[in-house]
Amino acid sequence: MLIHLPDEVATLDFAGRFFRGLPTGCLVFLRGNLGAGKTTFVRGCLWAAGHRGKVKSPTFTLVEEYSLQGRAVYHFDLYRIADPEELEWMGMRDYLRPDALCFIEWPERGEGVLPEADVEIFLSIEGFSRNLTVSPFSDKGREVLRELSV
Ligand SMILES: Nc1ncnc2c1ncn2[C@@H]1O[C@H](COP(=O)(O)OP(=O)(O)OP(=O)(O)O)[C@@H](O)[C@H]1O
Ligand SMILES: [Mg+2]
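A brief report on the enclosed structure follows. Everything numeric in this text was worked out from a predicted model, so none of it was measured. (Residues numbered from 1 in each chain as written. Chains lettered and ligands numbered in written order. Predicted model: local features only at pLDDT ≥ 70, side-chain atom pairs only at ≥ 80, totals over all residues. Heavy atoms only, no water.)

Quick word on helix 1 (residues 8-20)
Operational definition: Each helix is a run of DSSP H or I of at least 4 residues and each strand a run of E of at least 2, with the numbering of both proceeding from the N terminus. Here the expected span of a helix is defined as 1.5 Å times the quantity of residues minus one. Throughout, exposure labels follow a simple rule: accessible area from a 1.4 Å probe, protein chains only, divided by the maximum for the residue type, with under 20% read as buried, over 50% as exposed, and the rest as partly exposed.
Along its 13 residues, helix 1 runs 19 Å from first to last C-alpha, staying within 8% of the 18 Å computed at 1.5 Å per residue. Listed in full, the buried residues belonging to helix 1 are Ala 10, Thr 11, Leu 12, Phe 14, Ala 15, Gly 16, Phe 18 and Phe 19.

Encoded structure:
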């Protein structure tokens, strides 16, 4: 599924729709260059989940944790890790629980340690706007896509 997002508000709106169709315990990878809109997309999801505070980019902390609507939500940014093994040390496995929702920016940095995502978001910069692709990799991921198509 390919969507054109003319501005930031469009990204936030689409992320909200995406979030509302997301089953429990999904692993979501966000790919795309620096500034493509990955954190903006996660912010739209967290707002749709009822989060009203700030959404910090986890560039330095690696992970930001939220508890929303009784669900644990983890937002990762792996840009700064030097070796996928760092994920073992930080106890990545404990975050990837079936009851938790995980968003991971720069998943390519964790290749070999991270499992396959349920669904991937790919953002690309198109002048002043963005293009977004949603790709499912599991039954849960396909469910998300079905919800988006209705
Ligand atoms: N659809 C859109 N059209 C134009 N600008 C957008 C759109 N969506 C987001 N932006 C803008 O693009 C920038 C994206 O920044 P953001 O931090 O979300 O990128 P990122 O992909 O997380 O980058 P990084 O890899 O550094 O973490 C923000 O300034 C945001 O306002
Ligand atoms: Mg980011």
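Some thoughts on the site of ligand 1
Just so we agree on the cut-off: A cutoff of 4 Å decides nearness: a residue is near a molecule or strand if any of its heavy atoms lies inside that distance of it. Within 3.5 Å is the distance limit for a polar contact, defined as a pair of N or O atoms, with the added protein rule that one can donate a hydrogen and the other accept it, and that residues adjacent in sequence qualify only through two side-chain atoms.
If you check the shell around ligand 1, you find 19 residues, and the closest are Glu 8, Thr 11, Lys 38, Thr 39 and Thr 40. A distance of 3.2 Å separates an oxygen atom of ligand 1 from a polar atom in the backbone of Ala 36. Gly 37 places a polar main-chain atom, nitrogen or oxygen, 2.9 Å from an oxygen atom of ligand 1. Every element with two or more residues in the shell around ligand 1 is listed here: helix 1, helix 2 (38-48) and strand 7 (129-136). Among the elements that take part in the shell around ligand 1, helix 2 stands out by supplying three residues, more than any other.

With respect to unusual backbone geometry
Its identity is not glycine, yet Gln 69 carries a phi of approximately 50 degrees, on the positive side. Relative to the helices and strands, Gln 69 is located in the loop between strand 3 (63-68) and strand 4 (71-77). Located in the positive-phi region is Trp 106, a residue other than glycine, with phi close to 55 degrees. Relative to the assigned elements, Trp 106 resides in the loop between strand 5 (100-105) and strand 6 (119-126).

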